[in-house]
Amino acid sequence: MQKKAHVKWVQRAKLLIEGLSVDESAIPLSYTDCKFGEWFYSDGQKLNALGNMTCLGEIEKAHVTLHDEYMHIFKIFFVNTDRSFFSKLFNTKKKITDAEREIAKEHFIKLQPASEEILEHIGRLERRLYAIPQSSFDASITGI
């Protein structure tokens, strides 16, 4: 599964808030564009064919919440509405105030429970998948 990709995404958001330089594109905004989202909305959806996979809906809900909270953080660090013409021209980094960093930390604190929920549901999904006989899994996924 893409549990590792999700954990890396969250770690990059944390590094950004802690003041380390993180490329804007390293933490995709859209819940469909991150590596976990790409998997979830392609191969991950095939798991619905196995039946009784309500945890997929719970994963999706928490994943959307996670990205919604990150959107607030992204705006603090990357949206440059009040920068001067010259700072935009020379692509200088946006200066983040202590107050803005604190707001970003508050959003990250809200983001963390969604991340933990995703990981919890992924664990539940993994346990369910391990309990399914391989023959049932193959038949459901391939349509045989």
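Criteria and cut-off values
Residues numbered from 1 in each chain as written. Predicted model: local features only at pLDDT ≥ 70, side-chain atom pairs only at ≥ 80, totals over all residues. Heavy atoms only, no water. Helix = DSSP H or I, 4+ residues; strand = E, 2+ residues; numbered from the N terminus. Buried < 20%, exposed > 50% of the residue type's maximum accessible area, 1.4 Å probe, protein only. Contact = heavy atoms within 4.5 Å. Areas by Shrake-Rupley, 256 points an atom, 1.4 Å probe, with all protein chains shown as cover. Salt bridge = Lys/Arg side-chain N within 4 Å of Asp/Glu carboxyl O. Phe/Tyr/Trp six-rings, centres within 6.5 Å; stacked < 30°, edge-to-face > 60°.

Asks: So what's going on with the overall build of the protein? Which residues, and what values?
Replies: Along the backbone of the protein there are six helices and zero strands. Secondary structure elements of the protein occur, N-terminal to C-terminal, as α-α-α-α-α-α. Out of the 144 residues in the protein, the part that is buried amounts to 33%. Across the protein, every contact between residues at least 6 apart in sequence was considered, and the portion connecting residues at least 24 apart equals 75%. As displayed, the protein offers around 8800 Å² of accessible surface, 54% of which is attributable to carbon and sulfur atoms.

Asks: An account of the pattern of salt bridges is requested, with residue identities and associated values reported.
Replies: All told, the structure shown has five salt bridges when counted by the stated rule. In this structure, Lys46 engages Asp43 in a salt bridge whose closest nitrogen and oxygen atoms are separated by 3.2 Å. Judged by relative accessible area, Asp43 falls into the partly exposed class, the value being 41%. Among the ionic pairs, Glu120 bridges to Arg124, the shortest N-O distance being 3.0 Å. Of this pair, Glu120 and Arg124 both sit in helix H5 (residues 98–131), four residues apart, roughly one helical turn.

Asks: I'd like to hear about the packing of aromatic side chains, residue by residue, with values.
Replies: Taken as a whole and assessed by the stated rule, the structure comprises eight aromatic pairs. Geometrically, the ring pair formed by Trp39 and Phe40 is tilted, given 6.3 Å between the ring centres and 55° between the ring planes. Judged by relative accessible area, Trp39 falls into the buried class, the value being 16%. A residue is classified by how much of its surface remains accessible, and Phe40, at 2% relative accessible area, is buried. Between Phe40 and Tyr41, the ring centres sit 5.0 Å apart and the planes meet at 85°, which makes this aromatic pair edge-to-face.

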